[in-house]
Amino acid sequence: MSIIVQKFGGTSVANKERLENVAKIIIDEYEKGNKVVAVVSAQSGVTDNLNFKASGISQNVSKRELDVLLSSGEQITISLLCMVLQNMGKKAISYTGWQLPIITNKNFSDASIEHIDTKKIIDRLEEGYIVVVAGFQGIDDEYNITTLGRGGSDTTAVVLSSFLNADKCEIYTDVDGVYTCDPNACNNAQKIDQISYDDMLDLINTGAKVLHNKCVEYAKKHNVVINVKSSLKKGSGSIVKNIE
Ligand code: ADP
Ligand code: ASP
Ligand code: MG
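The structure reproduced in this document is the subject of the present report. Keep in mind that what you see is a predicted model, and the values were worked out from it rather than measured.

Here helix α8 (residues 213–222) has its buried residues at K214, C215, V216, Y218 and A219. Looking at the packing, one finds that the buried side of α8 touches α6 (153–164), α7 (197–205) and β13 (226–230). Taken from the residues just after α8, N223 is the one with a positive phi, measuring 55°.

In structure tokens:
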């Protein structure tokens, strides 16, 4: 029996239909006898909207309070996804970053994960639950809520895969893999089946936001193989791994 971490980004969880689609992907793995941990982002537009609300108060809001605000988007998604999974007859339970906890440094709005306590996740998996974890967030050693930087749910998934010693880390998004350039912006984009951590980091430096840079840096250091896939279209996606 394998542990599989599956991360779903904002467009993949944007509404009820998309959440049902994600639930089917999760249940598919669960029914093969695997233990599934889903990491989710805020629904598309939600984090931007929260940022907009804060900027309506001041251009200079406290970083601590901004993180309290921005982290709330993912809390909405974890509960909705669990409700959908439960509606489909499955045992599902959600955790925010502080509930586990996911411990980060104190760098508000760009924090790095230092430790994840996996006990609750492991216990629930043993009890047959699908576990749904809020991406993008954690707490520091004084219980302040922190966020990992825009796009940071990818990093939650990769770090969690490492702490759980997961057999697979799948990042589901709205394109079917990593391309030579943004497939939504350039006509001659070619899909890359396998890419090294360093080449992926170079691609991110040219603006490819398909993966969060910190997630690739962490994956390289801890040898986590990442499979980037589409939540909307079947296919093997792209593998980001160590290539000699
Ligand atoms: P998610 O919400 O699932 O985290 P993101 O919007 O962060 O998704 O990342 C996916 C987007 O990354 C795609 O819609 C695509 O437009 C963009 N992108 C930019 N460069 C690339 C690239 N080289 N390969 C694939 N996608 C890319
Ligand atoms: N919700 C956060 C963002 O929009 C984190 C993420 O999507 O990964 O940046
Ligand atoms: Mg993203």
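Still more to cover.
Okay, the site of ligand 2 next. Taken together, S41, A42, T47, E74, F136, R150, G151, G152 and S153 are the residues near ligand 2. A distance of 3.2 Å is found between an oxygen atom of ligand 2 and a side-chain nitrogen or oxygen belonging to S41. Between a nitrogen atom of ligand 2 and a side-chain N or O atom of T47, the distance comes to 2.8 Å. Classifying every residue of the shell around ligand 2 gives 2 nonpolar, 5 polar and 2 charged.

Below, the discussion takes up the packing of helix α1 (residues 16–31) against helix α4 (residues 72–87). Look at α1 against α4: their axes get within 9 Å of each other, and the N-to-C directions meet at 65°. Between α1 and α4, the crossing angle belongs to the class labelled roughly perpendicular. Judged by the twist between their axes, the crossing of α1 over α4 is right-handed. For the pair α1 and α4, the contacting residues are L19, E20, V22, A23, I26 and I27 in the first and T77, L80, L81, V84 and L85 in the second. Residue composition of the contact of α1 with α4, by class: 9 nonpolar, 1 polar and 1 charged.

As a further point, take the pairing of strand β1 (residues 3–8). Burial within β1 is extensive, with 6 of its 6 residues counted as buried. Alternating residues of β1 divide into I3, V5 and K7 and I4, Q6 and F8, and every residue in both groups is buried. Where β1 lies against strand β2 (residues 35–40), 6 bridges are found, and the strand directions are parallel. Its bridge partner being in β2, I4 is matched across the sheet by V36. Once the chain exits β1 it traverses α1 before rejoining the sheet at β2, and the crossover so formed is right-handed. Bridge count for β1 against strand β9 (residues 168–173) is 5 bridges, and the pairing is parallel. Residue pairing across strands places I4 opposite K168, the latter belonging to β9.

Parameters and conventions
Residues numbered from 1 in each chain as written. Chains lettered and ligands numbered in written order. Predicted model: local features only at pLDDT ≥ 70, side-chain atom pairs only at ≥ 80, totals over all residues. Heavy atoms only, no water. Buried < 20%, exposed > 50% of the residue type's maximum accessible area, 1.4 Å probe, protein only. Helix = DSSP H or I, 4+ residues; strand = E, 2+ residues; numbered from the N terminus. Contact = heavy atoms within 4.5 Å. Near = heavy atom within 4 Å. Polar contact = N/O pair within 3.5 Å; in protein donor to acceptor, adjacent residues only side chain to side chain. Nonpolar A, V, L, I, M, F, W, Y, C, P; charged D, E, K, R; others polar. Axes fitted to C-alpha atoms, helices over the stretch in contact; angles between N-to-C directions. Parallel < 35°, antiparallel > 145°, perpendicular 65-115°, else oblique. Left-handed = near helix turned anticlockwise from the far one by under 90°. Pairing = 2+ DSSP bridges. Right-handed = clockwise from strand over helix to strand, strands pointing away.

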